[in-house]
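For reference, the chains in residue letters:
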Amino acid sequence: MTYRVALQTILFKEIYRFLRIWPQTVLPPAVTTGLYFLIFGTVVGARIGEMGGFSYIDYIVPGVVLMSVITNSYMNVVSSFYSTKFQHNIEELLVAPVPDGVILAGYVGGGVMRGLVVGGVVLAISALFADFHPVHPWAVAAMLVLTATLFSLAGFLNAIFANSFDDISIVPNFVLTPLVYLGGVFYSIELLPDFWREASRFNPILYMINAFRYGFLGISDVPVELAFAMVGILILVLTLAALILLRRGTGLKT
Amino acid sequence: MTPALSIRDLRKTYRNGHEALKGIDLDVAAGDFFALLGPNGAGKSTTIGILSSLVTKGSGTVRIFGHDLDREREAAKRCLGLVPQEVNFNQFEKVIDVVINQAGYYGIPRREARRRAEECLTQLGLWDKRNTVSRQLSGGMKRRLMIARALVHRPRLLILDEPTAGVDIEIRRSMWALLRRINREGTTIILTTHYLEEAENLCRHIAIINHGRIVEHSDMASLLAKLEANAFILELRRPVSALPEVPGYRLELRGDRSVLATVPTELGVHGLFDALGQAGIEVASLRNAANRLEQLFVDMLESSEDDI
Ligand SMILES: Nc1ncnc2c1ncn2[C@@H]1O[C@H](COP(=O)(O)OP(=O)(O)O)[C@@H](O)[C@H]1O
Ligand SMILES: [Mg+2]
């Protein structure tokens, strides 16, 4: 199949890109999460004691890992695809017989790889502080890949609509980061007052973090099946939206 | 034989309401070397953008080697190689990667892509630079890199949008030699330019576009023949302050003793000399107007201004 070569080419280029600039892509999340584990896990965590029946450091590891997967997948695709657009080398793909789906798969695949590499590094660092044995490894693996896919897609859509470098940092800073922090990375929503607990249930990231934590610890604030269904549906919707926009040439063709 | 390119009633209005193409018809035969000539803003890049799927068209049909751009876009894309007006490769990539990746997008497996990249880069004199980061290339080299990239999938139709704009005369001439060779080896070439000399030197057929309309579409030889018969500079024996009206001819005083005369072929110069003689004006010498194509170009653009 000829599209296999095209897909490999985009994927290889994307993976090579973030590995080549690893001090900007892989190192920062490693340092930041290392600090989280040190401060929240070890220093503050000792005062907090248990959460959900686990030591605080064990409780936060899954959320911190998924948080880095979310931001890295998103940032990888939004910045790579937007630069491609900005430098006009997207035209190399548009003139070639590459179907829209292959372009999308290539960039999203690159974002997923970045998410998995960074997630793996963060997990390795967490092993220095915490002691974990995933109770449902399949749930861990599936939620990892699904979350990386979803946020790579979201980054792709952001890049399509972006017209400046400001536009690619607005969503990560003002939407993604708050939703992640309010999505129960550091606490169980059971600790929140009624209003905030119910409000939190509208945050999709809460479901992903809890399903991921369920994979590690076997506990969750929300139904795990609902979390998987939600992520699956969101992936479908965003994929469809991205394909329609590519077909129309929105943001790419004049 | 299937024409390399066939365009019918192509129209494009940009989102800001600007009507860039107002119904273009264009035919380019397979094997031709074709010039699309026009001043800045005429619609050359818009036309080429539509052919290469970078600009969405308003209406009309485009066929590339018989493949309709709407119904058989991928087949059409495979026939076409594009050298755009502005640099559009990733400036952080190495020269060889720019070419190899492009081959990959066309489905050419990596090993074969590497072989072809070597072939194309060598042909363009860039093989020595293969490991240079493309940002560091000179302007002329960047242009050549884009040609190498456009040739890697061996397109039957090569389109170049102002390939020699802003490059110095030496590079321009070597690029002309290269394009002639590519054309001789069987690739149809369309180039846009606003250098008349370039079109005259390279191309067998020509279309002139202005304000989104084709104002001339013919072969270069008959265009030039038409011209050679037509524009003369007459040097007068004595200075004059005004010229008589001579029906059928157009006369324009340049200085006080030289006249630019546009002479319709069917009337010939004798009638003009007679008429001038009767007005007491003696012609000392006559020569062809210096830049014939230039004159024609200006005339055509002027006459196409009239119908806006
Ligand atoms: N993206 C765009 N949006 C609006 N107008 C445009 C755009 N691109 C080109 N134009 C206008 O369309 C006309 C044709 O442009 P173009 O095809 O680039 O001309 P050429 O290549 O012959 O110089 C010009 O008037 C130009 O200003
Ligand atoms: Mg142009």
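Each residue is numbered by its place in its chain's sequence as written, counting from 1. The order in which chains are written sets their letters, starting at A; the order in which ligands are written sets their numbers, starting at 1. For this predicted model, a pLDDT threshold of at least 70 governs which residues receive local features, and a threshold of 80 or more governs which side-chain atom pairs are given and counted, while totals over whole chains, interfaces and linings are taken from all residues. Only hydrogens and water are set aside; all other atoms, that is, all heavy atoms of the structure, feed into the side-chain values.

In terms of helices and strands, chain B carries 10 helices and 14 strands. Along the first, second and third principal axes, the C-alpha set of chain B runs to 80 × 40 × 40 Å. Think of it in three bands: with a 1.4 Å probe and only protein chains considered, a residue is buried below 20% of the maximum accessible area for its type, exposed above 50%, and partly exposed in between. Residues counted as buried form 49% of the 308 residues belonging to chain B. Between two residues, a contact is recorded if the distance between any of their heavy atoms is within 4.5 Å. For chain B, contacts bridging at least 24 residues in sequence account for 67% of all contacts bridging at least 6. Put simply, chain B shows about 14,000 Å² of open surface, and 48% of that area lies on carbon and sulfur atoms. Under the DSSP-based scheme used, a helix requires at least four consecutive residues in state H or I and a strand at least two consecutive residues in state E, with every element numbered from the N terminus. Only the protein chains shown count as cover for residues, and all accessible areas are computed by the Shrake-Rupley method using a 1.4 Å probe.

Bringing the coordination of the magnesium ion (ligand 2) into the picture now. Residues and elements named next belong to chain B. Any N, O or S atom lying within 2.8 Å of the metal counts as a donor, and for Na, K and Ca the limit rises to 3.2 Å; water is left out, so some sites can look incomplete. Only Ser45 (OG) and Gln85 (OE1) from the protein reach the magnesium ion (ligand 2) as donors, at distances of 2.1 to 2.3 Å. Linking Ser45 in helix 1 (residues 44–51) with Gln85 in the loop between strand 6 (80–83) and helix 3 (95–105), this pair joins segments that are 40 residues apart in sequence. On the basis of relative accessibility, which here comes to 29%, the residue Gln85 falls in the partly exposed class.

A few words now on the packing of aromatic side chains. Residues and elements named next belong to chain A. Any pair of Phe, Tyr and Trp rings, taking the six-membered ring for Trp, is counted once the centres come within 6.5 Å. Such a pair is stacked with planes under 30 degrees apart, edge-to-face with planes over 60 apart, and tilted for the rest. Throughout the structure, instances matching the rule amount to 14 aromatic pairs over all chains. A centroid spacing of 4.9 Å and a plane angle of 70 degrees characterise the contact between Phe81 and Tyr107, whose relative ring orientation is edge-to-face. Of this pair, Phe81 sits in helix 4 (residues 56–86) while Tyr107 sits in helix 6 (residues 100–126), and the two are 26 residues apart along the sequence. Tyr107 shares its class with Phe81; the two are buried.

Listed by partner, the interface residues are 30 residues for chain B and 23 residues for chain A. Buried area: the accessible area, evaluated with a 1.4 Å probe, that two parts lose upon being put together, summed over both parts. Across the chain B to chain A interface the summed buried area is about 2,500 Å²; carbon plus sulfur atoms make up 52%. Counting the surface chain B buries against chain A, the share from its top three residues, Leu54(B), Asn88(B) and Tyr105(B), is 29%. Basic side-chain nitrogens of Lys or Arg form a salt bridge, by our definition, when they fall within 4 Å of a carboxyl oxygen of Asp or Glu. Joining chain B to chain A, the criterion identifies 1 salt bridge. The closest approach of N and O atoms between Glu92(A) and Arg149(B), which form a salt bridge, is 2.7 Å. Listing elements by their share of the side of chain B that touches chain A, those giving two or more residues are helix 2 (73–78) and helix 3 of chain B. Of the residues forming the side of chain B that touches chain A, the biggest block, 5 residues, is contributed by helix 3 of chain B. The residue classification treats Ala, Val, Leu, Ile, Met, Phe, Trp, Tyr, Cys and Pro as nonpolar and Asp, Glu, Lys and Arg as charged. All others, Gly included, are polar. Looking at the side of chain B that touches chain A residue by residue, the class counts come to 12 nonpolar, 10 polar and 8 charged.

Residue and element names in this part refer to chain B. Surrounding ligand 1, one finds 13 residues, the nearest of these being Gly41, Gly43, Lys44, Ser45 and Thr46. Between ligand 1 and the protein, one listed contact pairs an oxygen atom with a side-chain N or O atom of His18 at 3.1 Å. Contact distances for ligand 1 include 3.2 Å between an oxygen atom and a backbone N or O atom of Ala42. Top element by residues in the shell around ligand 1 is helix 1. It accounts for 3 residues. Of the residues that constitute the shell around ligand 1, the class distribution is 4 nonpolar, 8 polar and 1 charged. The near set for a molecule or strand comprises every residue that places at least one heavy atom within 4 Å of it. Polar contact criterion, stated in full: a pair of N or O atoms within 3.5 Å, where within protein one must be able to donate a hydrogen and the other to accept it, and residues adjacent in sequence count only if both atoms are side-chain atoms.

Turning our eyes to something else, we now look at the domain arrangement of chain B. The split into domains, and so the bounds of each, comes from an automatic or database assignment of domains. Each domain of chain B was delimited in the assignment, giving domain 1 (5–224) and domain 2 (226–294). Relative placement of domain 1 of chain B and domain 2 of chain B: their C-alpha centres are 41 Å apart.

Residues and elements named next belong to chain B. Following DSSP output, two strands are said to pair if at least two bridges run between them. Overall, antiparallel pairing links the 4 strands, which are arranged 2-1-4-5 in an open sheet. The open sheet has two free edges, formed respectively by strand 2 (19–28) and strand 5 (67–68), since each of these has just one partner strand. As paired strands, strand 1 (residues 5–13) and strand 2 are joined by 7 bridges and run antiparallel to one another. Across the sheet, Ser6 pairs through a bridge with Asp27, a residue of strand 2. The axes are straight lines fitted to the C-alpha atoms, using for helices just the contacting stretch, and the angles between their N-to-C directions are given from 0 to 180°. Lying on the sheet, helix 1 is in contact with strand 1, strand 2 and strand 4 (59–64); it crosses strand 1 at an angle near 115 degrees.

Right, let's talk about the pattern of salt bridges for a bit. A complete count under the given rule lists 17 salt bridges over all chains for this structure. Measuring nitrogen to oxygen at the nearest pair gives 2.9 Å for the salt bridge that ties Asp70(B) to Lys57(B). Of the two residues, Asp70(B) sits in the loop between strand 5 and helix 2 while Lys57(B) sits in the loop between helix 1 and strand 4, which places them 13 residues apart along the sequence. Here the salt bridges do not stand alone but share partners, grouping Asp194(A), Arg197(A), Glu198(A) and Arg201(A) into one network.

A helix is expected to span 1.5 Å multiplied by its residue count minus one. Here helix 7 (residues 137–161) of chain A is 25 residues long and its end C-alpha atoms lie 37 Å apart, about the 36 Å a rise of 1.5 Å per residue gives. Along helix 7 of chain A, 18 of the 25 residues are buried, which leaves the element largely enclosed by surrounding structure.

Right, let's get into helix 3 (residues 27–48) of chain A. Within helix 3 of chain A the residues assigned to the buried category are Pro29(A), Ala30(A), Thr33(A), Gly34(A), Tyr36(A), Phe37(A), Gly41(A) and Gly45(A). Against the buried residues of helix 3 of chain A lie helix 2 (22–25), helix 4, helix 6 and helix 8 (167–181) of chain A.

Another point: unusual backbone geometry. All names here are of chain B. One non-glycine residue with positive phi stands out, namely Glu162, at about 50 degrees. Here Glu162 lies in the loop between strand 7 (157–161) and helix 6 (169–184). Residue classification places Glu162 among the buried positions, given a relative accessible area of 5%. The phi dihedral of His211 is positive, around 45 degrees, even though this residue is not glycine. If you trace the backbone, His211 turns up in the loop between strand 9 (205–210) and strand 10 (213–219). Under the relative-accessibility criterion, His211 is labelled partly exposed at 33%.

Let us look at the sheet that holds strand 10 of chain B. All names here are of chain B. The strand order across the open sheet formed by 6 strands is 6-7-8-3-9-10, and the pairing between neighbours is mixed. At either end of the open sheet lies a strand with only one pairing partner, and these are strand 6 and strand 10. Direction aside, neighbouring strands of the sheet carry axes that sit 15 degrees apart on average. Where strand 7 lies against strand 8 (residues 188–193), 5 bridges are found, and the strand directions are parallel. The partner of Asp161 across the bridge, within strand 8, is Thr192. Its contacts with the sheet put helix 5 (residues 139–151) on strand 6 and strand 7, and the angle it makes with strand 6 is roughly 170 degrees.

Quick look at the packing of helix 4 of chain A against helix 7 of chain A now. Any two packed helices are characterised by the angle at which their axes cross and by the distance between the axes. Residues and elements named next belong to chain A. In the contact formed by helix 4 and helix 7, the axes pass within 7 Å of each other and the chain directions differ by 30 degrees. The orientation of helix 4 with respect to helix 7, classified from their angle, is roughly parallel. Seen from above, helix 4 lies across helix 7 with right-handed handedness. Taken together, the residues of helix 7 that come into contact with helix 4 (itself represented by Leu66, Val69, Ile70, Ser73, Tyr74, Val77, Val78, Phe81, Tyr82 and Lys85) are Leu144, Thr147, Ala148, Phe151, Ser152, Ala154, Gly155, Phe156, Asn158, Ala159, Ile160 and Phe161. Class assignment of the residues belonging to the contact of helix 4 with helix 7 gives a composition of 16 nonpolar, 5 polar and 1 charged. When an angle is under 35 degrees it counts as roughly parallel; over 145 it counts as roughly antiparallel; between 65 and 115 it counts as roughly perpendicular; any other value is oblique. Each crossing is labelled by how the near helix is turned from the far one, with a counterclockwise turn of less than a right angle marking it left-handed and a clockwise turn marking it right-handed.

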